[in-house]
Each structure stands twice: as structure tokens, then as C-alpha cells.
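# Close look at the chain arrangement
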Amino acid sequence: MEKIKSMSVSSLYSKILRAVLFIVVALIFSISNSCGNSHSYPRELVVADSLCDNNPDSALTLIRKIKTDQLSDNESWYLRLLKIKQKVKSNENFTDDKEAKVLVDHFEKDGDKNLLPQALYCAGCIYISLNDTPQAIECFQSVLNIYADNKHNMSANDKHNRLKAQCYYQLGYLLSMQGLDKAAIPWQKKALEIHTNTGEIERCIYDCENIAWSYQVIGKSDSTEIFLQKAYPLAELI
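Described in the following lines is the structure provided in the data block. Bear in mind the structure is a predicted one, so any value in this text is a computation, not a measurement. (Residues numbered from 1 in each chain as written. Predicted model: local features only at pLDDT ≥ 70, side-chain atom pairs only at ≥ 80, totals over all residues. Heavy atoms only, no water.)

## Considerations on the overall build of the protein chain
The helix and strand tally for the protein chain stands at 11 helices and 0 strands. Each helix (α) and strand (β) of the protein chain, taken in turn from the N terminus, gives the series α-α-α-α-α-α-α-α-α-α-α. Looking at the protein chain residue by residue over its 238 residues, the buried ones come to 37%. Long-range pairs, those at least 24 residues apart, make up 59% of the contacts in the protein chain with a sequence separation of at least 6. When the accessible area of the protein chain is evaluated, it comes to approximately 14,400 Å², of which 54% is carbon and sulfur surface. (Helix = DSSP H or I, 4+ residues; strand = E, 2+ residues; numbered from the N terminus. Buried < 20%, exposed > 50% of the residue type's maximum accessible area, 1.4 Å probe, protein only. Contact = heavy atoms within 4.5 Å. Areas by Shrake-Rupley, 256 points an atom, 1.4 Å probe, with all protein chains shown as cover.)

## A closer look at the packing of aromatic side chains
The tally for this structure, following the rule as stated, stands at 5 aromatic pairs. For the pair Tyr 41 and Tyr 78, a centre-to-centre distance of 4.5 Å together with 55° between the ring planes defines the contact as tilted. Pair noted here: Tyr 41 is in the loop between α1 (2–34) and α2 (43–54) and Tyr 78 is in helix α4 (residues 73–89), with a separation of 37 residues, a long-range link. Neither Tyr 41 nor Tyr 78 differs from the other in exposure class; each is buried. (Phe/Tyr/Trp six-rings, centres within 6.5 Å; stacked < 30°, edge-to-face > 60°.)

## Things to note about helix α11 (residues 221–236)
The terminal C-alpha atoms of α11 lie 23 Å apart, and with 16 residues this matches the ideal 22 Å at 1.5 Å per residue to within 8%. Those residues of α11 that sit buried are Ser 223, Thr 224, Phe 227 and Ala 231. Around the axis of α11, the buried residues are gathered within 100° of arc, so they sit on the same side. Looking at α11, the residues exposed on the side facing more than 90 degrees away from the buried face are Asp 222 and Glu 236. Where the residues of α11 are buried, they touch α9 (181–198) and α10 (201–217). (Expected span 1.5 Å × (residues − 1). Arc of directions from axis to C-beta.)

## Description of α10
Between its first and last C-alpha atoms α10 spans 24 Å; for 17 residues at 1.5 Å apiece the expected length is 24 Å, and the two agree. Among the residues of α10, Cys 204, Ile 205, Asp 207, Cys 208, Ile 211, Ala 212, Ser 214 and Tyr 215 are the ones counted as buried. The inward-facing, buried residues of α10 abut α8 (158–177), α9 and α11. Taken from the residues just after α10, Gly 219 is the one with a positive phi, measuring 85°.

## Some words on the packing of α2 against helix α3 (residues 56–65)
Between α2 and α3, the shortest axis-to-axis distance is 6 Å and the interhelical angle comes to 155°. On the basis of the axis angle, α2 is roughly antiparallel to α3. The interaxial crossing formed by α2 with α3 has left-handed handedness. Contact residues: Glu 44, Val 47, Ala 48, Leu 51, Cys 52 and Asn 54 in α2; Pro 56, Ser 58, Ala 59, Leu 62 and Ile 63 in α3. Counted by class, the contact of α2 with α3 contains 8 nonpolar, 2 polar and 1 charged residues. (Axes fitted to C-alpha atoms, helices over the stretch in contact; angles between N-to-C directions. Parallel < 35°, antiparallel > 145°, perpendicular 65-115°, else oblique. Left-handed = near helix turned anticlockwise from the far one by under 90°. Nonpolar A, V, L, I, M, F, W, Y, C, P; charged D, E, K, R; others polar.)

## Quick look at unusual backbone geometry
You will see that Asn 91, though not glycine, has its phi angle at about 60°, which is positive. Among the secondary structure elements, Asn 91 is positioned in the loop between α4 and α5 (98–109). The class for Asn 91 is exposed, based on a relative accessible area of 68%.

## With respect to a positive patch on the surface
On the surface, Lys 182, Lys 189, Lys 220 and Lys 230 cluster together into a patch of positive charge. Along the chain, Lys 189 turns up in helix α9. (Patch = residues over 30% accessible without salt bridge, like charges linked within 9 Å, V, L, I, M, F, W, Y side chains within 5 Å. Salt bridge = Lys/Arg side-chain N within 4 Å of Asp/Glu carboxyl O. Lys, Arg positive; Asp, Glu negative; His and termini not counted. Charge placed at Lys NZ, Arg CZ, Asp CG, Glu CD.)

Okay, here's the thing in C-alpha cells:
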């Protein structure tokens with residue numbers, strides 16, 4: 001009788017193990033499927049991407065050294081995006097939106113969906129350069145919508161958070177420039193919150209100054225003083 005019980009328990013344990021294994025495999029397949037449009041890239045492209053954010057001149061030097069004939073199709077599209085991102089981060093002026101449109105269209109339809117937010121952000125900055133505020137706002141909102149529904153399974157890492165903060169900053173800036181400072185303040189505060197969390201002190205100072213300015217415009221001097229006071233100790237850390 002003991003032997004029969006032992007075999008029964010062993011059989012049950014085996015069934016449970018198989019069920020757990022099935023669930024794990026299904027989850028892995030599901031995650032792999034949801035990330036099907038993401039890719040791994042050569043180190044030089046990833047480094048160039050990072051340099052675009054912090055040192056666009058160095059990014060340009062590296063981008064020029066990349067051998068395009070050795071890149072895959074996905075890598076070539078990434079390089080095209082980095083070329084336009086480097087110009088955006090260098091505050092270059094643009095005369096048209098042709099390349100931005102091509103990039104956004106590609107990453108929306110066939111390309112790496114993880115790169116779509118960057119393509120849209122760059123397009124938004126280009127529309128600012130072209131004085132097309134409505135189109136710029138639409139691009140920045142589109143980036144935030146992607147992160148909101150997270151349908152492309154993007155992780156909430158610092159890189160994505162920084163891009164969200166930049167969109168908040170740009171939306172606040174655009175609204176403030178149109179005299180809509182009351183509407184700008186919530187966006188400015190969201191940018192400040194993320195920049196505080198990511199430890200970007202210089203950007204926090206800009207955020208505090210922008211919020212202070214917007215409060216001053218709408219006649220809330222007390223709030224203006226509060227955010228100026230927040231900026232002073234941060235400035236001393238630089």
C-alpha cells in the first residue's frame with residue numbers, strides 16, 4: 001500500500017512539473033513573440049546612440065567611422081536614425097521633414113518598434129525647427145502614447161524614462177511659447193519628476209526655471225519663489 005501511494009505522489013509530482021514547464025515555455029514564447037520587432041545591434045551603434053545624448057560631436061566622429069557595407073538592413077536603418085538624432089542633439093536647423101517622415105514610417109510599419117519613440121521624438125524636434133508647432137506636439141504625444149499602452153513591451157528603464165521626460169519638457173516649452181503657461185505647468189512638473197529620479201541635475205535646474213517662469217506669467221509669485229529656491233542649491237552642485 002505504501003508503494004502504491006509513493007508511485008501516486010511521484011506521478012502527481014511529475015504531472016505538476018510538466019505543467020509548470022509548459023507554462024514557462026509558453027511565457028518565454030509569448031515574451032519572445034511580443035519582442036519580435038526588437039533587435040540586438042553592434043556595439044558601435046549602441047555607443048553612438050549614447051553619445052548622441054551626451055556628446056553629439058563625438059557621436060558624429062564615431063558615426064562617420066561605421067562601415068555601412070557591413071551592416072544588416074535593420075542596422076542600416078538604426079544608423080540612419082542616429083544620423084538624424086545627432087543633428088537634433090547638435091541643435092542643427094532643418095529645411096524639411098523628408099528623412100524624419102521616412103524613418104517614422106519605417107519604424108511604424110516594419111522596423112524595430114523599440115526605435116519608434118526615438119524616431120518620433122527626433123521628428124518632433126525637427127518640426128520645432130520648421131516652426132510647425134501642431135505637428136511637433138503630435139509627435140511628442142505619440143511617443144507618450146506608445147509608452148502609456150506599452151504595446152511594444154518596452155521596459156521602463158532610464159533610457160525610455162529620459163525620452164519621456166524630454167517629451168514632457170518639449171510639450172511644456174511649446175505650450176509656454178504660445179502663452180499657455182497654465183497648461184504647460186503639468187508637463188513641466190512631469191519632466192522635473194523624472195529628471196529628479198534619474199539624477200539629471202542640470203535638466204532639473206532648467207525644469208525649475210521653466211516652472212517658475214510659467215507661474216510668474218499666470219501671476220502666482222509664491223509658487224515662482226518656491227521653484228526658484230529649488231533651483232539654487234542644484235546650481236551649486238554643478
